Amino acid sequence: MNGKRKHVRYPYEQSIQLVLDSGETQTGRTLNFSMGGMFVEVNPLPDFGSRVTLQIDLPGVPETCKIPCIVRWTKNGHGAGVQFEYVRPIEVWALNKLAKTLREED
């Protein structure tokens, strides 16, 4: 699952919401994540290059995380790859902890 990627991807399903620049909110789910971004399933898909805010509950973080992202690619109408633009230290901690847990489960 790594290929030419800078960050290792981990399978992870979690309910999310994407808030578009227009203010519209779309409900969906993640299929995987890395320290650089996530693959999300939402319908309809946001446009390539658009800025969105990913709202997700991460283990160990008491409030819903609101992570600014940019849509880097879409996949046959099934999902979108979003790249994190800014991740707060508590979110980096939570993603690292989640990745460690998933590695240990393998």
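Residues numbered from 1 in each chain as written. Predicted model: local features only at pLDDT ≥ 70, side-chain atom pairs only at ≥ 80, totals over all residues. Heavy atoms only, no water.

> Just to check I follow, could you spell out the overall build of the chain for this structure?
Across its full length, the chain holds one helix and six strands. The linear arrangement of helices and strands in the chain, starting from the amino end, is β-β-β-β-β-β-α. Compactness check: the chain gives a C-alpha radius of gyration of 13 Å against a globular reference of 13 Å for 106 residues, within 12% of the reference. Dimensions of the chain, computed from the C-alpha atoms along their principal axes, are close to 40 × 35 × 20 Å. Here the chain, with 106 residues, has 42% of them falling under the buried criterion. Averaging the locations of the 13 positively and 12 negatively charged side chains of the chain gives two centres separated by 7 Å. (Helix = DSSP H or I, 4+ residues; strand = E, 2+ residues; numbered from the N terminus. Rg over C-alpha atoms; globule rule 2.2 N^0.38 Å. Buried < 20%, exposed > 50% of the residue type's maximum accessible area, 1.4 Å probe, protein only. Lys, Arg positive; Asp, Glu negative; His and termini not counted. Charge placed at Lys NZ, Arg CZ, Asp CG, Glu CD.)

> I'm lost on the packing of aromatic side chains in this one. Help?
Each aromatic ring pair is summarised here by two numbers: the centre-to-centre distance and the angle between the ring planes. According to the stated counting rule, one finds three aromatic pairs in the structure shown. Each ring, one from Y12 and one from F33, has its centre 5.7 Å from the other, and the planes form 75°; the classification is edge-to-face. Note that Y12 is positioned in strand β1 (residues 10-20) and F33 in strand β2 (residues 25-33), a separation of 21 residues in sequence. Looking at Y12, the relative accessible area reads 13%, which means it is buried. A relative accessible area of 0% means that F33 is categorised as buried. Aromatic ring contacts, followed pair by pair, group Y10, Y12 and F33 into a single cluster. (Phe/Tyr/Trp six-rings, centres within 6.5 Å; stacked < 30°, edge-to-face > 60°.)

These figures capture arrangement, not role.
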